[in-house]
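Commentary on secondary and tertiary structure
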Amino acid sequence: MKISTKQRRRAMMLALAAMPLAAALRPARSADSEPIAQPGDKTDAGFIERAFFMRRRALDSGDQGYGAVVVRDGIIVGQSPSHVVVKRDPTAHAEMEAIRDAARRLGSRDLSGCTLYSSSPACPMCEAAAYWAGIERMVFGRGASDGGSPRLCG
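All of the points below concern the structure found in this document. Since this is a predicted model, take the numbers as computed values, not measurements. (Residues numbered from 1 in each chain as written. Predicted model: local features only at pLDDT ≥ 70, side-chain atom pairs only at ≥ 80, totals over all residues. Heavy atoms only, no water.)

1. A look at the pairing of strand β5 (residues 145-148)
In plain terms, the rule: Pairing between strands is defined by DSSP: at least two bridges between them are needed. Here a helix means four or more residues in a row that DSSP labels H or I, a strand means two or more in a row labelled E, and each is numbered from the N terminus.
Sheet topology note: the strand β4 (residues 137-140)/β5 ladder contains 3 bridges and is antiparallel. Directly across from Met138, in β5, lies its bridge partner Gly148. Turn length for the β4-β5 hairpin, with the two strands adjacent in sequence and antiparallel, is 4 residues, and the turn residue Gly141 shows positive phi of about 80°.

Structure, rendered in structure tokens:
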């Protein structure tokens, strides 16, 4: 089967468009291979509590007070406190880092079927990353408010 120039061009444009997401999900070099402690309460409240545990870890390390976990089929598959200050990285929000951790642990950028739990509502950058990763639902805050499906700005 012969591929037309138009098809080749389209494939190249799609690959180029995916590069920023690939860079955002690129594995960070750290000790993230350790098992993730799972909450006894596998409800929104239990997973939000784990996000707030990550928030406490962020504060204890001298970072901003944000935490997030990514859950698939009732199992936490990614987690992180904020690393903006300690890594000197303005994109190292807790949600971004938890998405990166989940993608690394699952060996895939496709996080469909996952829910993102965070200590506060996701900023536009984090919501866009959740959208592109295929996260289905976002839950935030002490009250486990349902943020719905991630959407792109605009």
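2. Notes on the pattern of salt bridges
Inclusion rule: Put simply, a salt bridge is a Lys or Arg side-chain nitrogen that is within 4 Å of an Asp or Glu carboxyl oxygen.
Going through the model one piece at a time under the given rule, you end up with 8 salt bridges. For Asp101, the salt bridge goes to Arg105, with nearest N and O atoms at 3.0 Å. A residue pair is termed a helical-turn pair when its members lie 3 or 4 positions apart in one helix, as Asp101 and Arg105 do in helix α3 (residues 94-106) at 4 residues. Residue Asp146 is joined to Arg137 by a salt bridge in which the shortest nitrogen-to-oxygen separation is 3.5 Å. A single salt-bridge network, built from bridges that share partners, covers Asp44, Arg137 and Asp146.

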